[in-house]
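Fold and geometry: a report
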Amino acid sequence: MITKFQGETIKKEVEILNADKTPADLTGCTATAGIKQGTTTTRVTPLISGNIVSIRIDDTSDMIGIYELEIKLKDTTLDIDVIARDTIVIQTSVIPDFTEVP
């Protein structure tokens, strides 16, 4: 479970390893992700760097509640696997938007 306050950045990284625990070669692989609350799903664009698949959601100022996150990876043989599934809880913040005080 990932717990954040409204306005904080959500980050999730998944390291992909081969069966022998060595870093997997993700060349040619693609990833997709979504975050869902109730019946509303929002797509998130994951990044692949080396053997790490990651997502980042910067603007959570309007998000409050419980969300489900899912990240999928499609390999070069077109096999699709769910590589991460997590619950995200976003609590109300006193300062939901990051603003600097002059």
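1. Thoughts on the layout of surface pockets
In this structure, the largest pocket encloses a volume near 160 Å³. Residue lining of the largest pocket: Thr 32, Ala 33, Gly 34, Lys 36, Thr 41, Arg 43, Glu 68, Leu 69, Glu 70, Lys 72 and Arg 85, and that is the complete set. The set of elements that each furnish at least two residues to the lining of the largest pocket consists of strand 3 (30–37), strand 4 (40–44) and strand 7 (65–74). Its residues assigned to classes, the lining of the largest pocket comprises 2 nonpolar, 3 polar and 6 charged.

2. Regarding the nonpolar core
Of all hydrophobic cores here, the largest spans 21 residues; its most connected members are Ile 55, Ile 71 and Ile 88. Put simply, the parts of the chain that give this core at least two residues each are strand 2 (10–15), strand 3, strand 6 (52–57), strand 7 and strand 8 (80–91). Considering each element in turn, this core owes the most residues, 4 residues, to strand 7. Once residues within four sequence positions are removed from consideration, Ile 55 is found in contact with Ile 10, Lys 11, Lys 12, Ala 33, Val 44, Pro 46, Leu 69 and Ile 71.

3. Here's the deal with the sheet that holds strand 7
Pairing is mixed across the open sheet formed by 5 strands, whose spatial order is 1-8-7-3-4. Edge positions in the open sheet fall to strand 1 (2–5) and strand 4, since each of these has one partner strand only. On average, each strand axis in the sheet is tilted by 25 degrees relative to the strand beside it, whichever way the strands run. As paired elements, strand 1 and strand 8 share 4 bridges and run parallel to each other. Across the sheet, the residue bridging to Thr 3 is Val 89, located in strand 8.

Reading guide: rules and limits
- Residues numbered from 1 in each chain as written.
- Predicted model: local features only at pLDDT ≥ 70, side-chain atom pairs only at ≥ 80, totals over all residues.
- Heavy atoms only, no water.
- 1 Å grid on protein atoms, 1.4 Å probe; cavity = no way out; pocket = protein on both sides within 12 Å on 5 of 7 lines; lining within 4 Å.
- Points joined across faces, edges and corners; volume = space filled by probe spheres on them.
- Helix = DSSP H or I, 4+ residues; strand = E, 2+ residues; numbered from the N terminus.
- Nonpolar A, V, L, I, M, F, W, Y, C, P; charged D, E, K, R; others polar.
- Core = buried A, V, L, I, M, F, W, Y, C linked by side-chain atoms within 4.5 Å.
- Buried < 20%, exposed > 50% of the residue type's maximum accessible area, 1.4 Å probe, protein only.
- Contact = heavy atoms within 4.5 Å.
- Pairing = 2+ DSSP bridges.
- Axes fitted to C-alpha atoms, helices over the stretch in contact; angles between N-to-C directions.

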